[in-house]
Every structure is written in structure tokens, then in C-alpha cells.
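# Coordinates in review
These are the residues of each chain, in order.
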Amino acid sequence: MIRDAHGRKMSKSLGNVIHPLEVINRISLEGLNKRLEEGNLDPSELVIAKEGQKDFPNGIAECGADALRFALVTYTAQSDRINLDIQRVVGYRQWCNKLWNAIRFAMSKLGDDYTTPMNIVPDVMPFTCQ
């Protein structure tokens, strides 16, 4: 079960439901409020739901699909209960960006004519790679 960062069950009436596309693509606080207003919430529940969005004073930052996938996978390694914290997903976005930049740097140093070896011989590899 996916819960919010505070461990509460995600609920439309609490206003803490997070749509995956909003995490991937970004959404402003106004967009979050508009989504609530277009729903079928009772006016009294609408007030409570808007208060529940205080965790996102600037909306939800763009994180991308890879960061969201990575966050969900790391959560499932811990438990079957996922307390989805958007700040943690943002941290994974930054980590994925660092990984991407490191791979781009390494690939630039290999040259255009580099091909992967067909047979790997562990005896000639550095000790840390064996």
C-alpha cells in the first residue's frame, strides 16, 4: 500500500493523493488545487484536502520516470508499505543525473571505435573487477 510521507493512507478527501504523472512531469500548487476543485469533493472536504497539500508549498518538482521507478523499487526492498516522500524522489532524480553524467564522461573517454570485448577473461582484469 502506498501512503503519504507521514504514513497516512492516500485519500482524495485528505488531498494527499499523488498522481505518478504529476511526479514525472511536475505540477504547481495551483494545478494541485485545480485538480481538487474539479473533483467531486464536498466543499467541507475540499477545505481539508487543500490543507493536506501543505507538504507541497511550491507544487511537485519534475522528477522523471527513472527517479520515480528507482524510489518505488527502493521502498519495496524495505517493506510492503510505501510512505512516498517526494523529497526522497527528488534526491533520486539528482542521483540518477549524477549517474548519467558519470556514464557520459566514461563513454567520452572510450573513443568512437570502442567495442565491448566478446570474451571476458577475469585473470587480466583488475582485482576489484574480478
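Here is a short report on the structure shown in this document. Along each chain, residue indices are assigned from 1 in the same order as the chain's sequence is written. Where totals are concerned, whole chains, interfaces and linings use all residues; where local detail is concerned, this predicted model gives features only for residues with pLDDT of at least 70, and gives and counts side-chain atom pairs only at 80 or more. The basis for every side-chain value is the complete set of heavy atoms in the structure, and neither hydrogens nor water enter the calculation.

## Examining the overall build of the protein
- Each helix corresponds to a stretch of at least 4 residues labelled H or I by DSSP, and each strand to a stretch of at least 2 residues labelled E; elements are numbered beginning at the N terminus. When helices and strands are counted, the protein shows five helices and two strands.
- Only the C-alpha atoms count toward the radius of gyration. The rule for a globule is 2.2 Å times the residue count to the power 0.38. Over its C-alpha trace the protein gives a radius of gyration of 21 Å, far above what one expects of a compact globule, namely 14 Å for 130 residues.
- Referenced to the eigenvectors of the C-alpha coordinate spread, the extents of the protein come out at roughly 70 × 30 × 20 Å.
- Summed over all atoms, the accessible surface of the protein reaches about 9500 Å², with 57% contributed by carbon and sulfur. With residues, only the protein chains shown are counted as cover, and all accessible areas are computed by Shrake-Rupley using a 1.4 Å probe.

## Some points on the environment of Lys-54
- Take Lys-54: it is sitting in the loop between helix 3 (43–51) and helix 4 (65–78).
- On the basis of relative accessibility, which here comes to 63%, the residue Lys-54 falls in the exposed class. Buried residues are those whose accessible area, probed at 1.4 Å on protein chains only, stays under 20% of the maximum for their type, while exposed residues exceed 50% and partly exposed ones sit between those limits.

## What to know about the pattern of salt bridges
- By salt bridge we mean one thing: a side-chain nitrogen of Lys or Arg within 4 Å of a carboxyl oxygen of Asp or Glu. Going through the model one piece at a time under the given rule, you end up with five salt bridges.
- Among the salt bridges present, the one from Lys-34 reaches Glu-38, with a minimum N-O distance of 3.9 Å. Of the two residues, Lys-34 and Glu-38 are both situated in helix 2 (residues 29–38); the distance of four residues between them amounts to about one turn of the helix.
- Since its relative accessible area comes to 60%, Glu-38 is described here as exposed.
- Notably, a salt bridge pairs Glu-37 with Lys-50, separated by 2.5 Å at the nearest N-O pair. Taken together, the positions of Glu-37 in helix 2 and Lys-50 in helix 3 put the pair 13 residues apart, joining distant regions of the chain.
- The class for Glu-37 is partly exposed, based on a relative accessible area of 46%.
- Given the relative accessible area of 32%, Lys-50 is considered partly exposed.

## Concerning a nonpolar patch on the surface
- A patch consists of residues exposed above 30% relative accessible area that lack any salt bridge, with like charges linked at up to 9 Å and nonpolar side chains (Val, Leu, Ile, Met, Phe, Trp, Tyr) linked at up to 5 Å. A grouping of Phe-70, Trp-95, Leu-99, Ile-103, Met-107, Leu-110 and Tyr-114 is seen on the molecular surface, where their side chains present a nonpolar patch of about 660 Å² in accessible area.
- Locating Ile-103 in the fold gives a position in helix 5 (residues 86–110).
- Under the relative-accessibility criterion, Ile-103 is labelled partly exposed at 42%.

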